[in-house]
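Summary of the model geometry
Residue strings, one per chain:
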Amino acid sequence: MKQAGFPLGILLLFWVSYITDFSLVLLIKGGTLSGTDTYQSLVNKTFGFPGYLLLSVLQFLYPFIVDPENLFIGRHFIIVLSTIVFTLPLSLYRDIAKLGKISLISTVLTTVILGIAMARVISLSPHIPKTEDAWVFAKPNAIQAVGVMSFAFICHHNCFLVYGSLEERTVAKWSRIIHVSTLVSVLISILFATCGYLTFTGFTQGDLFENYCRNDDLVTFGRFCYGVTVILTYPIECFVTREVIANIFFGGNLSSVFHIIVTVVIITIATFVSLLIDCLGIVLELNGVLCAAPLIFIIPSACYLKLSEEPRTHSDKIMSCVMLPIGAVVMVVGFVMAVTNPQDCTHGQEMFYCFPDNFSLTNISVSPFQLTTQLSVLNISTFQ
């Protein structure tokens, strides 16, 4: 919302969700036309080894482009501990259907986090100054925003795994599931985006939780819930990366020993990357434009256009012809903008409105506009 402008951002969220819905159905249609049952085999049959290799790289990289004085409460220790105790055991499952109940828990926790964000709109929003450009219709960084939104909706890399877990595997049933899932997802995304932006407007950061004050116990509980959702969600991403390795190097099948070894290696590398990077905004942007954009916009459209024998005037073909160049623009322009104009990152730092009454203005690094408005929010007792 901060990058695109609030009104345009809402419209873009609906647009990206529609494209996601369409392309997910398109992938399964392409699989049906080509007689394939994985994303990799679909692209391999459509574009040969070069396309297969490109998709494998994108699918493999997607889960890796992520982001106190006492060691035992420090960020690094908590990440390593939660990875060993929870993420690794869950990732060792061989059947993705077994993660269904775990995903349900993640969805419930997401609803709890949303409730916290909605509650804080009421209690915080009146006491935080609004930036001057808060309500302009559109901003020049809208393409960067599309990259972040694409990251939020990307699930194409594991859609064949989910499709394969259905008892009744038909395009019609898949389409119904995707329509409902996408609708729920876009509603949740809009509520999150609206609550966050209404509360902090131009001060909104790539990681919304960085905007809240450390002494806010309710938000601290929300951070805990969010951490749990990441722990419960990542194993699904691990399935995809492991499948890529299995298809390329092991002919699609992993023995029990290699299944464990490959899983441990994937989790170890991903954990190492997460220990080094703590700025979520740039992670979302780069992941969105480099991986999500081609996986959502470009590859499903290209596969369908090459495989389908429908006339050129067919609605699916027209839509695919529109999606493909738009995806290319989002990917190239979004990457350039993400590198040249990255989001601010204040990981672990308190925002200016969180300081007590007797803080010194000289100790705060904020914009001139913030300095002129923060006198109105010096008393933060209303936040607690």
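Another point: the overall build of the protein. Broken down by element type, the protein carries 12 helices and 0 strands. Element order for the protein, N to C, with α for helix and β for strand: α-α-α-α-α-α-α-α-α-α-α-α. For the protein, the exposed surface amounts to about 18500 Å²; the carbon and sulfur share of it is 69%.

With that settled, consider the packing of helix H1 (residues 6-34) against helix H5 (residues 142-153). For the pair H1 and H5, the least separation of the axes is 10 Å and the interaxial angle reads 45°. Classified by the angle their axes make, H1 and H5 are oblique. As H1 runs across H5, the sense of the crossing is right-handed. Of the residues in H5, those in contact with Leu 8, Gly 9, Leu 12, Leu 13, Trp 15, Val 16, Ser 17 and Thr 20 of H1 are Ala 142, Val 146, Met 149, Ser 150 and Phe 153. The class makeup of the residues in the contact of H1 with H5 is 9 nonpolar, 4 polar and no charged.

Quick look at the environment of Ile 28 now. Within the secondary structure, Ile 28 is located in helix H1. It is 8.9 Å that separates the C-alpha atoms of Ile 28 and Tyr 39, two residues lying 11 residues apart in sequence. When residues no more than four places from it in sequence are discounted, the contact partners of Ile 28 are Cys 159, Phe 160, Tyr 163, Val 171 and Trp 174.

What follows covers the packing of aromatic side chains. One pass over the full model with this rule turns up 14 aromatic pairs. Arranged with centres 6.2 Å apart and planes meeting at 35°, the rings of Phe 49 and Tyr 52 form a pair that is tilted. Note that Phe 49 and Tyr 52 are positioned in helix H2 (residues 39-61) at a spacing of 3 residues, about one turn of the helix. With a relative accessible area of 53%, Phe 49 lands in the exposed category. Note on Tyr 52: relative accessible area 12%, which makes it buried. Linked through ring pairs, Phe 200, Phe 203, Phe 209, Tyr 212, Tyr 226, Phe 352 and Tyr 353 together constitute an aromatic cluster. The cationic tip of Arg 242 hangs over the ring face of Phe 239; the distance from NZ or CZ to the ring centre is 4.7 Å.

Moving on, we come to the nonpolar core. If you look at soluble globular proteins, the nonpolar side chains tend to sit buried side by side. Residues Met 1, Tyr 39 and Ile 299 are the most contacted members of the largest nonpolar core, which totals 50 residues. At the level of secondary structure, the elements contributing two or more residues to this core comprise H1, H2, H5, helix H6 (159-164), helix H7 (171-200), helix H10 (280-307) and helix H11 (315-340). The dominant element in this core, judged by the number of residues it contributes, is H1, at 13 residues. Apart from the residues within four sequence positions on either side, Ile 299 is in contact with Tyr 39, Val 43, Leu 55, Leu 58 and Pro 294. One finds Val 121, Cys 195, Phe 209 and Tyr 353 within the second-largest nonpolar core, a separate group that totals 19 residues.

Before going further, it helps to spend a moment on the side chain of Thr 182. With respect to the element layout, Thr 182 can be found in helix H7. For Thr 182, a relative accessible area of 8% gives the class buried. Setting aside residues no more than four positions away along its own chain, Thr 182 makes contact with Ser 17 and Asp 21.

Before going further, it helps to examine the confidence of the model for the protein. On average, residues of the protein score 81 in pLDDT, and 87% of them are at 70 or above. Highest mean pLDDT in the protein belongs to H7 (92); lowest belongs to helix H12 (residues 368-373) (36). With pLDDT under 50 throughout, residues 67-72 is counted as low confidence; its partners more than four residues away or in other chains account for 12 contacts.

Of note in this structure, Thr 201 is not a glycine but carries a positive phi near 40°. Considering the arrangement of structural elements, one finds Thr 201 in the loop between H7 and helix H8 (217-249). Take Thr 201: its relative accessible area is 0%, and that puts it in the buried class.

Side chains of Ile 248, Phe 249, Phe 250, Val 257, Phe 258, Ile 261, Val 265 and Ile 269 sit close together on the surface and give an oily, nonpolar patch of about 720 Å² of accessible area. Put simply, the parts of the chain that give the nonpolar patch at least two residues each are H8 and helix H9 (256-276). When residues in the nonpolar patch are grouped by element, the largest group, 5 residues, is from H9. The residue Val 265 is located in helix H9 in this model.

Another point: H9. Taking 1.5 Å of rise per residue, 21 residues should cover 30 Å, and H9 covers 31 Å from first to last C-alpha, within 8% of that figure. Looking at the buried side of H9, the elements it contacts are helix H3 (75-91) and H8.

What follows concerns the state of the cysteines. For the structure shown, the criterion picks out 1 disulfide. Between the sulfur atoms of Cys 213 and its disulfide mate Cys 354 the distance is 2.0 Å. Taking the sign of the S-S torsion, about -85° here, the bridge from Cys 213 to Cys 354 comes out left-handed. Note that Cys 213 is positioned in the loop between H7 and H8 and Cys 354 in the loop between H11 and H12, a separation of 141 residues in sequence. By relative accessible area, which is 6% here, Cys 213 ends up buried. A relative accessible area of 7% means that Cys 354 is categorised as buried.

Parameters and conventions
Residues numbered from 1 in each chain as written. Predicted model: local features only at pLDDT ≥ 70, side-chain atom pairs only at ≥ 80, totals over all residues. Heavy atoms only, no water. Helix = DSSP H or I, 4+ residues; strand = E, 2+ residues; numbered from the N terminus. Areas by Shrake-Rupley, 256 points an atom, 1.4 Å probe, with all protein chains shown as cover. Axes fitted to C-alpha atoms, helices over the stretch in contact; angles between N-to-C directions. Parallel < 35°, antiparallel > 145°, perpendicular 65-115°, else oblique. Left-handed = near helix turned anticlockwise from the far one by under 90°. Contact = heavy atoms within 4.5 Å. Nonpolar A, V, L, I, M, F, W, Y, C, P; charged D, E, K, R; others polar. Phe/Tyr/Trp six-rings, centres within 6.5 Å; stacked < 30°, edge-to-face > 60°. Buried < 20%, exposed > 50% of the residue type's maximum accessible area, 1.4 Å probe, protein only. Lys NZ or Arg CZ within 6 Å of the ring centre and 35° of its normal. Core = buried A, V, L, I, M, F, W, Y, C linked by side-chain atoms within 4.5 Å. pLDDT = per-residue confidence, 0-100. Patch = residues over 30% accessible without salt bridge, like charges linked within 9 Å, V, L, I, M, F, W, Y side chains within 5 Å. Salt bridge = Lys/Arg side-chain N within 4 Å of Asp/Glu carboxyl O. Expected span 1.5 Å × (residues − 1). Disulfide = S-S within 2.5 Å.

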